[in-house]
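Residue-level listing of the chains:
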Amino acid sequence: MIISASRRTDIPTYYSDWFFNRIKEGYVLVRNPMSIHQISRIKLTPDVVDGIVFWTKNPIPMLARLNELKDYMYYFQFTITPYGRDVEPNIPDKNDVILPAFKRLSELIGADRVVWRYDPIMISERYPIEYHIKAFGKIATELHDYAQKVTISFIDEDYRGVKSNIKELALHSFPSKTQTELSAKLAEIAHGYGLAIDTCAEKIDLQKYGIEHARCIDDRLFSKLLCCHLNIGKDKTQRLECGCVASIDIGMYNTCRNGCRYCYANYSRNTVVGNFEKHNPLSPLISGEVGEEDRINERVAKSCKNTQRSLFDY
C-alpha cells in the first residue's frame, strides 16, 4: 500500500505534528469527500505501508523529524514555481527560504527522493513565455545537484473553483502548440543540467523532446528504493492521462492554507478557515472529530511487495 500525503492538502507544511502523531498511533481516519459521514480507518504501520509520497511547497516543519520515519520509505513531490504572492500568497520567499529548504531536504534523504515540480504553468501579462524560460533556467541552476527529475504541467481550468480563483489573473490563451513550444525549451534546459523531465497528466505527446509522461505516485521509483518489485496497478480514480499507481490519500479538501490561486483542492476560502480552526493535532482526523452520525469502516490494507527476484533483476 502506498500512502499519498497528500494531493488534497499540504500536510508537511501545515499538518506535520498531526501526521507524526498518526504514524506513532499507527492509523489515520479519513472522511470520504463524496460522503462526509463515511470514514475510513487506515493502518499506517510499516508492515502494510510500502511507501509514502509527500506533496508540498514547504517541508521545513518536517525536516527535524524525518528520523521518525526511519521504518518507512518515502519521497517528496516538491513544487517550486516562479510566481509571486498574487498567485501563491502564503508561500515564503523562494530564494531565501524555499530553495534552501529543497537543498536541505535533498541532503538529508538523497536527490533521487526529491522531485522538483514546476507546475502548473500559466501565461499572463506578468508571466509570459519568456519569463518562464528564464525562471525555469534559474531554478534549474540552483537545484540540478539536488534533484534528478523535474515534472511540469499546464493550468487546468476545469476543476471546481479554479476558474473563478484565477479570473483576476487575466490569463492568456495557452493552446497546445504554445505548450509544445515552451516544453521543448524547458526540456533543453533540463537536459542541459542532467535533469530528466516529464509531464503530469497531460494529453500532448512530447516524447520527441525527451519528455515522458509522469507517474507521480511511482511504483518504479519505490521498487528501486526498496530493492523489490511492487505488485500494484494504475490508479483508476485518477484521470486517464494520469500515470500514477494506486494509493490511499490521507488528506482532506479545503484544508490547505497556501491559498494558491490555481489550486483544485480548495474551492472555498471560508471553508478552509473553518476546517483549519477545527484541526486538532491529536485527533485521528485531519479536521474535526468523529461524530454520532459518522460510520467508520476498516480499509483493507496490505503490502504490495514482491520479494521474489527474477533472472532479469541481476
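Please refer to the structure higher up on the page.
The shown structure was predicted, so the numbers you read here are calculated from the model rather than taken from an experiment.

Chemist: I tried to follow helix α4 (residues 94-109) on my own but got confused; where do I start?
Modeler: For α4, with 16 residues, the first-to-last C-alpha span of 21 Å sits near the 22 Å given by 1.5 Å per residue. Among all positions of α4, only Lys94, Ile98, Leu99, Ala101, Phe102, Leu105, Ser106 and Ile109 are buried. Take α4 and look down its axis: the buried residues cluster within an arc of 145°, on one side only. Away from its buried face by more than 90 degrees, α4 exposes Asp96 and Glu107. At its buried positions, α4 is contacted by α3 (60-63), β5 (74-79), β6 (114-121) and α5 (129-143).

Chemist: Looking at this model, I keep getting lost on the layout of surface pockets. Mind explaining?
Modeler: To find leftover empty space, a probe the size of one water molecule is rolled over the atoms. There is about 450 Å³ of room inside the second largest pocket. Lining the second largest pocket are 23 residues, and of these Asn32, Pro33, Ile36, Met252 and Tyr253 lie nearest its centre. Among the secondary structure elements, those contributing two or more residues to the lining of the second largest pocket are β2 (27-32) and α9 (269-277). Element by element, the count of residues in the lining of the second largest pocket is highest for β2, at four residues. The residue inventory of the lining of the second largest pocket, partitioned by class, reads eleven nonpolar, seven polar and five charged.

Chemist: Looking at this model, I keep getting lost on the side chain of Glu202. Mind explaining?
Modeler: For Glu202, the location among the structural elements is in the loop between β8 (196-199) and β9 (211-213). The buried charged residue Glu202 lacks any salt bridge partner; its closest oppositely charged side chain belongs to Arg239, at an N-O distance of 6.3 Å. In contact with Glu202, not counting residues within four places along its chain, are Ser153, Phe154, Gln179, His213 and Glu241.

Chemist: For this particular structure, what's the right way to read the sheet that holds β2?
Modeler: Backbone-to-backbone hydrogen bonds join strands into a sheet, with any given pair of strands oriented parallel or antiparallel. Within the open sheet, the three strands sit side by side as β2-β3-β12. Their pairing is mixed. This sheet does not close on itself; its edge strands, each paired only once, are β2 and β12 (295-298). Each strand axis lies, on average, 30° off the axis of its neighbour in the sheet, ignoring direction.

Chemist: Would you take a moment to explain the pairing of strand β4 (residues 51-56) for this structure?
Modeler: Side-chain direction in a regular strand flips from residue to residue, so the side chains alternate between the two faces of the sheet. When you tally the buried positions in β4, you get six out of six residues, the bulk of the element. Residues Gly51, Val53 and Trp55 line one face of β4 and the alternating positions Ile52, Phe54 and Thr56 line the opposite face, and both faces are buried. Inspection of the sheet shows strand β1 (residues 2-5) paired to β4 by four bridges, in the parallel sense. Across the sheet, residue Ser4 finds its bridge partner in β4, namely Val53. Across five bridges, β4 lies against β5 in parallel orientation. Among the inter-strand pairings, Val53 is bridged to a residue of β5, identified as Tyr75.

Chemist: Honestly, the side chain of Asp119 in this entry has me stumped. Any pointers?
Modeler: Among the structural elements, Asp119 can be located in strand β6. A polar contact of 3.2 Å, which involves the side chain of Asp119, links it to the side chain of Arg117. A polar contact is formed between the side chain of Asp119 and the side chain of Ser153, at a distance of 3.1 Å. Excluding residues that lie within four positions of it along the chain, Asp119 makes contacts with Thr79, Thr81, Thr151, Ile152, Ser153 and Tyr262.

Chemist: So what exactly am I meant to see when it comes to the environment of Ala265 here?
Modeler: Checked against the element boundaries, Ala265 lands in the loop between β11 (248-249) and α9. Overall, Ala265 belongs to the buried group, its relative accessible area being 2%. The spacing of Ala265 and Glu298 is 33 residues in sequence and 25 Å in space, taken between C-alpha atoms. Every residue in contact with Ala265, bar those within four places of it in the chain, is listed here: Arg7, Arg8, Tyr253 and Asn254.

Chemist: Would you mind showing me how to read unusual backbone geometry here?
Modeler: It is generally the case that most residues other than glycine have a negative phi and that most peptide bonds are trans. Cis geometry is found at the peptide bond from Ala5 to Ser6, where omega equals 0°. With an omega dihedral of 0°, the bond running from Asp119 to Pro120 counts as a cis peptide bond. Topologically, Pro120 is positioned in strand β6. Despite not being glycine, Ala170 shows a phi value in the positive range, around 50°. Along the chain, Ala170 falls in the loop between α6 (162-166) and α7 (176-192).

Calculation notes
Residues numbered from 1 in each chain as written. Predicted model: local features only at pLDDT ≥ 70, side-chain atom pairs only at ≥ 80, totals over all residues. Heavy atoms only, no water. Helix = DSSP H or I, 4+ residues; strand = E, 2+ residues; numbered from the N terminus. Expected span 1.5 Å × (residues − 1). Buried < 20%, exposed > 50% of the residue type's maximum accessible area, 1.4 Å probe, protein only. Arc of directions from axis to C-beta. Contact = heavy atoms within 4.5 Å. 1 Å grid on protein atoms, 1.4 Å probe; cavity = no way out; pocket = protein on both sides within 12 Å on 5 of 7 lines; lining within 4 Å. Points joined across faces, edges and corners; volume = space filled by probe spheres on them. Nonpolar A, V, L, I, M, F, W, Y, C, P; charged D, E, K, R; others polar. Lys, Arg positive; Asp, Glu negative; His and termini not counted. Salt bridge = Lys/Arg side-chain N within 4 Å of Asp/Glu carboxyl O. Pairing = 2+ DSSP bridges. Axes fitted to C-alpha atoms, helices over the stretch in contact; angles between N-to-C directions. Polar contact = N/O pair within 3.5 Å; in protein donor to acceptor, adjacent residues only side chain to side chain.

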